[in-house]
Each structure stands twice: as C-alpha cells, then as structure tokens.
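Take a look at the letters that make up each chain.
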Amino acid sequence: MKKYLKTHEWVEFSNETTARIGISDYAQKALGDLVFVNLPQEGDEVQAGEAFGDVESVKAVSDVISPVTGTVAAANQEIMDNPALINEAPYDSWFIEVKDVSETAELLSEDEYAQFCEKEAQH
C-alpha cells in the first residue's frame, strides 16, 4: 500500500525496513513531459523530508523529497535512461529503493492524499 507526502512523492514498503519511492500522478501531470532524472547512487544516505534527487521537465526542474531516512539500495536505471516512463506509469516507475529505513516523514493515506490534491487544485 502506498503512502504519500504533501510534496507529491509516494512510498511503498516491501517490509518494515525497505521502501520504494516515486512521484505521484498529480506530480507528473503538473510537471509535464519529463526529460531528465537525477538520482543518488547505491550506498548514498537519504533523509526524510530532504531532497535526494531531481526531475527536469520541459517546464522546470523540481526536487524529489525522500519520505524516509535510510540507505539507497538501488536506483532505477530504467527511468534515468527513459524519463518518459514516469509520465506513462508514475506508480510503476520507482526512483530509488531504500533499505535500513529508520524514520519517515509525515505520510498521508491514499484518501488523505486525494483530499489534499483536491484542495490544492482549487487554489
């Protein structure tokens, strides 16, 4: 089950200490066509609530915020080679896998996130 940040990243835990992170459909639609992804390397540390990489679209460059603290176990080479995959399937296109998760940022359930996006779209 995916959880979300208010900055439009998702996190999905495969167990208590391992998680995959990506960006939401809302984020990829707001960004437009993605042309470049910058991700950390295996072994790098990520901190909950802090940027771990960025995505570049035809509109802008945006930081990608980590929902968890831990160590990068894998970076998705497929999306670095073909960022358009994120636009096509944002919930299948994970950015990094994090192991040894020790902390999480404030996470929203799918319903809470949907309500948050609805409010944000009205502004």
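Up top is the structure these notes are about.
Scope of this entry: the structure provided in the associated data block. In this text the structure is predicted, and so the values were computed from the model without any measurement. (Residues numbered from 1 in each chain as written. Predicted model: local features only at pLDDT ≥ 70, side-chain atom pairs only at ≥ 80, totals over all residues. Heavy atoms only, no water.)

### Notes on the pairing of strand E2 (residues 9-15)
Where strand E1 (residues 2-4) meets E2, three bridges bridge the pair, whose relative direction is antiparallel. If you follow Lys-2 over to E2, its bridge partner there is Glu-12. Linking two consecutive strands that pair antiparallel, namely E1 and E2, is a turn of four residues; a positive phi of about 80 degrees is found at His-8 within it. Looking at chain direction, E2 and strand E3 (residues 18-23) are connected through six bridges and run antiparallel. (Pairing = 2+ DSSP bridges. Helix = DSSP H or I, 4+ residues; strand = E, 2+ residues; numbered from the N terminus.)

### Concerning the side chain of Glu-9
Counting through the fold element by element, Glu-9 comes out in strand E2. This buried residue, Glu-9, is left without a salt bridge; Lys-6 holds the nearest opposite charge, at 12 Å. A polar side-chain atom of Glu-9 sits 3.0 Å from the main-chain amide nitrogen of Ile-65. In this structure Glu-9 touches Lys-3, Tyr-4, Gly-22, Ile-23, Asp-63, Val-64 and Ile-65, once residues within four positions along its chain are discounted. (Buried < 20%, exposed > 50% of the residue type's maximum accessible area, 1.4 Å probe, protein only. Lys, Arg positive; Asp, Glu negative; His and termini not counted. Salt bridge = Lys/Arg side-chain N within 4 Å of Asp/Glu carboxyl O. Polar contact = N/O pair within 3.5 Å; in protein donor to acceptor, adjacent residues only side chain to side chain. Contact = heavy atoms within 4.5 Å.)

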